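Okay, here's what each chain looks like letter by letter:
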Amino acid sequence: MYGVNVGAQALVICSADGGILRNEIGGVRTAAHVAFSNGSERKLGEEAAGANAKDRVASVPRLALLKHEALKETPAACHLPFPADAHADSGLIQLDVPGFGEQHGVALLGALLARLRSTSAVPPGSAVAFALPPCTSADASAEEIAAAQQFARGALMDAAAIAGWAVPSAIPTASEAAAEVLARKYPREKVPEQDGEPKSIDVLLVDVGHSSTSVAAVRLHETPAPIVEGPPPGRA
């Protein structure tokens with residue numbers, strides 16, 4: 001089993017024992033970039049990080065996990081070096097890249113995840129869990145957040161299939177994934193119930209990312225259960 005933290009600007013992969021795997025240049029973070037050079041060469045990850053800004057698209061996960069109508073309202077949309085429009089069926093963004101034609105966001109993320117798997121020497125078909133980045137603005141309603149996360153999970157499953165991973169066993173949010181790690185690494189000892197309630201510990205998780213910061217209040221119970229079980233729901 002492997003775990004991949006899908007960030008807006010970088011991806012990190014670790015093994016089941018918690019060890020972080022290194023990429024082809026020995027780094028622990030792989031840039032979430034794609035670059036198109038000379039109308040014939042596509043570069044991914046660290047290889048794309050040093051490309052000319054006019055050829056480079058940053059934050060590939062955002063292209064794959066946010067619908068075009070949501071992405072166009074973000075600052076990142078102002079810095080896309082290529083014309084962009086919404087895909088007729090999925091509503092996701094697609095880029096019109098000279099010499100390459102239409103480039104779909106999910107396909108680009110799939111290629112990036114395949115690059116990450118390859119440079120980390122992970123065999124095809126390996127089991128994986130992904131940590132989902134924030135998919136909505138801070139003022140989104142609970143219903144909007146739930147809908148955006150379900151859509152993003154479906155898109156991420158499609159990208160994982162393109163990349164040669166097994167069907168993801170879980171796609172929690174970054175905060176849920178952090179809570180799961182804390183619960184498993186620091187289990188509480190068995191203690192009597194207090195006032196009829198099981199013992200719990202309250203933790204405030206703050207995830208400071210490149211493009212967003214999320215805060216979550218998590219209650220860790222004495223016997224933690226998995227945050228997400230089984231494959232997440234697909235996209236309609």
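Residues numbered from 1 in each chain as written. Predicted model: local features only at pLDDT ≥ 70, side-chain atom pairs only at ≥ 80, totals over all residues. Heavy atoms only, no water.

Chemist: Let's hear about the sheet that holds strand 9 (residues 101–104): which residues, and what values?
Modeler: Judged by pairing direction, the sheet is antiparallel, and its three strands sit side by side in the order 7-8-9 without closing on themselves. Every other strand in the sheet has two partners, leaving strand 7 (84–86) and strand 9 as the edge strands with one partner each. Recorded for the sheet is a direction-independent mean angle of 35 degrees between the axes of neighbouring strands. Taken together, the three bridges between strand 7 and strand 8 (residues 93–97) define a ladder with antiparallel strand orientation. Residue pairing for strand 8: Asp85 is matched across the bridge by Gln94. Here helix 4 (residues 105–119) sits on the sheet in contact with strand 8 and strand 9, set at roughly 70 degrees to strand 9. (Pairing = 2+ DSSP bridges. Helix = DSSP H or I, 4+ residues; strand = E, 2+ residues; numbered from the N terminus. Axes fitted to C-alpha atoms, helices over the stretch in contact; angles between N-to-C directions. Contact = heavy atoms within 4.5 Å.)

Chemist: Describe helix 5 (residues 142–163), and please don't skip the residues or the numbers.
Modeler: For helix 5, spanning 22 residues, the distance from its first C-alpha to its last is 31 Å, which sits close to the expected 32 Å at 1.5 Å a residue. Ala148, Phe151, Ala152, Arg153, Gly154, Ala155, Leu156, Met157, Ala159, Ala160 and Ala163 are the residues of helix 5 that are buried. One or two residues past the end of helix 5 sits Gly164, with phi positive at roughly 90 degrees. (Expected span 1.5 Å × (residues − 1). Buried < 20%, exposed > 50% of the residue type's maximum accessible area, 1.4 Å probe, protein only.)

Chemist: If you had to explain the sheet that holds strand 10 (residues 128–131) to someone new, which residues and values would you point to?
Modeler: Sheet architecture is open: four strands sit in the order 3-2-1-10, paired in mixed fashion. Strands at the two margins of the open sheet, each flanked by one partner only, are strand 3 (30–31) and strand 10. Alignment of strand 1 (residues 2–6) against strand 10, held across four bridges, turns out to be parallel. Bridge assignment links Asn5 to a residue of strand 10, and that residue is Ala131. Against the sheet, helix 4 engages strand 1, strand 2 (10–15), strand 3 and strand 10, with an angle of about 45 degrees to strand 2.

Chemist: Outline the environment of Lys54, supporting the account with residue identities and numerical values.
Modeler: Inspection of the secondary structure assignment puts Lys54 in the loop between helix 1 (46–49) and strand 6 (56–57). Considering only alpha carbons, one finds Lys54 and His79, 25 residues apart in sequence, at a separation of 9.3 Å. Once you skip the residues sitting within four places of it in the chain, Lys54 turns out to touch Pro81 and Phe82.

Chemist: Please provide a residue-by-residue account of the nonpolar core, values included.
Modeler: Within the largest apolar cluster, 44 residues are counted, with the highest numbers of intra-cluster contacts made by Val4, Leu109, Leu113, Phe130 and Trp165. Only strand 1, strand 2, strand 4 (34–37), helix 2 (60–65), strand 8, helix 4, strand 10 and helix 5 provide two or more residues apiece to this core. Beyond its immediate chain neighbours, meaning those up to four positions away, Leu113 contacts Val4, Leu11, Phe130, Leu156, Ala159, Ala160, Ala163 and Trp165. (Core = buried A, V, L, I, M, F, W, Y, C linked by side-chain atoms within 4.5 Å.)

Chemist: Which residues make up the pattern of salt bridges, and what values go with them?
Modeler: The full count for this structure, using the stated rule, is three salt bridges. The partner of Arg115 in a salt bridge is Glu47, with the nearest N and O atoms 3.9 Å apart. Residue Arg115 is located in helix 4, and its partner Glu47 is located in helix 1; the two are separated by 68 residues in the primary sequence. Assessed through its relative accessible area of 28%, Arg115 is described here as partly exposed. On the basis of relative accessibility, which here comes to 39%, the residue Glu47 falls in the partly exposed class. Asp55 is paired through a salt bridge with Lys54; the nearest N and O atoms lie 3.5 Å apart. The class of Asp55 is buried, set by a relative accessible area of 16%. Through salt bridges that share partners, Glu24, Glu47 and Arg115 make up one connected network. (Salt bridge = Lys/Arg side-chain N within 4 Å of Asp/Glu carboxyl O.)

Chemist: Explain the side chain of Arg117 to me, using residue names and the numbers behind them.
Modeler: Here Arg117 is to be found in helix 4. Of the buried charged residues, Arg117 lacks a salt bridge, with Glu24 as the closest side chain of opposite charge at 13 Å. In this structure the side chain of Arg117 is engaged in a polar contact, spanning 3.0 Å, whose partner is the backbone oxygen of Ala163. Not counting residues up to four positions away in its chain, the partners in contact with Arg117 are Val122, Pro123, Pro124, Ala163, Gly164 and Trp165. (Lys, Arg positive; Asp, Glu negative; His and termini not counted. Polar contact = N/O pair within 3.5 Å; in protein donor to acceptor, adjacent residues only side chain to side chain.)

Chemist: Lay out the side chain of Gln103 with the relevant residues and their values.
Modeler: Structurally, Gln103 can be placed in strand 9. The contact partners of Gln103, leaving out residues within four places of it in the chain, are Phe36, Arg42, Ile93, Gln94, Leu95, Val97 and Leu108.

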